[in-house]
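Descriptive structure summary
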Amino acid sequence: MIGLGTIANTLAVLIGGGIGLFLKKGIKKSLQDSLLQAMGIAVLFIGIGGTLAQMLVFKDGHLETTGTMLMIFSLLIGTLIGEIINIEAKLEQLGEVARKIFHADESSKFVDAFVTVTLVICIGAMAIIGALQDGLSGDYSLLLTKAVLDGVICMVFASTMGAGVLLAALPLFIYQGLITLGAGFIAPYLTQALINDICYIGNVLITIIGINLTFANIIHIRVGNMLLALIVPVIYHIFI
């Protein structure tokens, strides 16, 4: 059944988040902060690993880097447009609306949890490639693997940041669902090189999310305003 992978992934986010909320009651604030930093470090290395896997190549017996200019221009153009539109503010506004609907405490991390977890589970190779495989062939095995990982991630985030994690299931369902449904239409235009470059820039953004989580008390990079960096590789492959 096409779309089953996204449904399973969405349920995993809700179940994992629900378990995390249940566990949150028995976790001390100091432990919550430590767990959040631990998740930040994990996300940071996931992003770094994915980025370096695309950037580092062996050529003539030497290790070289590739894709540096694509990364620079993707972040530059994507951030410029994103700051003008202020994507992160719109995500936060959506989170605030949801917070009021669910009557969450204003001092809680509801909005931060929604924005952060949405970015973590939606940006990355598994979301894009898994949804494409599901839409093209009905093979949802990659999304099932992602569902397990997202469930664990959401459990930990919910135990430290609260109920906003559950709301991230909605953009995940819409995002992966649209890719799955549109896979047949966009597949002829997707080369392996394009997919690799989109995933490459996605992993750079995941690295930035990891930095935000790890050093939350020191720095906050508006990674939401960099999301349009994912569009630059598409434009590049169309015209180059």
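Not measured: the values here are computed from a predicted model.

1. Some remarks on the nonpolar core
Ranked by internal contacts, the top residues of the largest apolar core, which has 53 residues, are Ile121, Phe157 and Ile209. Considering every element that reaches this core, the biggest residue donor is helix H10 (residues 192-214), with twelve residues. Every residue in contact with Phe157, bar those within four places of it in the chain, is listed here: Leu36, Met39, Thr116, Val117, Gly162, Val165 and Leu213.

2. Notes on the pattern of salt bridges
A side chain of one charge can pair with a side chain of the opposite charge when the charged atoms of the two come close. Per the counting criterion, the structure on display carries two salt bridges. Note that Arg222 is salt-bridged to Glu83, the shortest N-O span being 3.0 Å. Placement of Arg222 in the loop between H10 and helix H11 (232-239) and of Glu83 in helix H3 (residues 68-85) is noted, with a sequence separation of 139 residues between them. On the basis of relative accessible area, Arg222 is assigned to the partly exposed category, the value being 43%. Here Asp150 and Lys146 are joined by a salt bridge, their closest N and O atoms 2.6 Å apart. Pair noted here: Asp150 and Lys146 are both in helix H7 (residues 141-161), with a separation of four residues, about one helical turn. You'll find Asp150 and Lys146 in the same group, each marked buried.

3. Brief notes about the packing of helix H1 (residues 4-24) against helix H9 (residues 169-186)
When two helices pack together, their arrangement is given by the angle between the helix axes and the distance between those axes. Between H1 and H9, whose axes approach to 9 Å, the crossing angle comes to 170°. Compared by their axis directions, H1 and H9 come out roughly antiparallel. On H9, the residues touching Thr6, Ile7, Asn9, Thr10, Val13 and Leu14 of H1 are Ala169, Leu172, Phe173, Gln176, Gly177 and Thr180. In the contact of H1 with H9, the residues fall into six nonpolar, six polar and no charged.

4. Here we look at the pairing of strand E2 (residues 62-65)
Where strand E1 (residues 56-59) meets E2, four bridges bridge the pair, whose relative direction is antiparallel. Following the sheet pairing, Leu56 is matched in E2 by Thr65. Here E1 hands over to E2 after two residues, with Asp60 in that stretch at a positive phi of 55°.

5. Describing unusual backbone geometry
We note that Asn86 has phi near 60°; this positive angle belongs to a residue other than glycine. Tracing the chain through its elements places Asn86 in the loop between H3 and helix H4 (87-101).

6. So, H1
When the terminal C-alpha atoms of H1 are compared, their 30 Å separation across 21 residues agrees well with the 30 Å that a helix rising 1.5 Å per residue should span. Structurally, H1 contributes buried residues whose contacts are with helix H5 (110-122), helix H6 (125-137), H7, helix H8 (164-167) and H9.

How each quantity is defined
Going along each chain's sequence as written, the residues are numbered from 1 onward. Side-chain atom pairs in this predicted model are given and counted only at pLDDT of 80 or more, local residue features only at pLDDT of at least 70, and totals for whole chains, interfaces and linings cover all residues. With hydrogens and water set aside, each side-chain value is computed from the structure's full complement of heavy atoms. For the purposes of this section, nonpolar cores are sets of buried Ala, Val, Leu, Ile, Met, Phe, Trp, Tyr and Cys residues that join through side-chain atoms within 4.5 Å. To sort residues, take the accessible area from a 1.4 Å probe on protein chains only and compare it with the maximum for the residue type: under 20% means buried, over 50% means exposed, and anything in between is partly exposed. The secondary structure listing takes helices from DSSP runs of H or I that are at least 4 residues long and strands from runs of E that are at least 2 residues long, numbered from the N terminus. Whether two residues touch is decided by their heavy atoms; if any such pair falls within 4.5 Å, the residues are in contact. Criterion for a salt bridge: a side-chain nitrogen of Lys or Arg within 4 Å of a carboxyl oxygen of Asp or Glu. Axis definition: a line fit to C-alpha positions, over the contact stretch in the case of helices; interaxial angles, taken between N-to-C directions, run 0 to 180 degrees. For this classification, under 35 degrees means roughly parallel, over 145 means roughly antiparallel, 65 to 115 means roughly perpendicular, and everything else is oblique. Gly counts as polar in this scheme, as do all residues outside two lists: the nonpolar Ala, Val, Leu, Ile, Met, Phe, Trp, Tyr, Cys and Pro, and the charged Asp, Glu, Lys and Arg. Two strands are counted as paired when DSSP detects at least two bridges linking them. By definition here, a helix of n residues has an expected span of 1.5 Å times n minus one.

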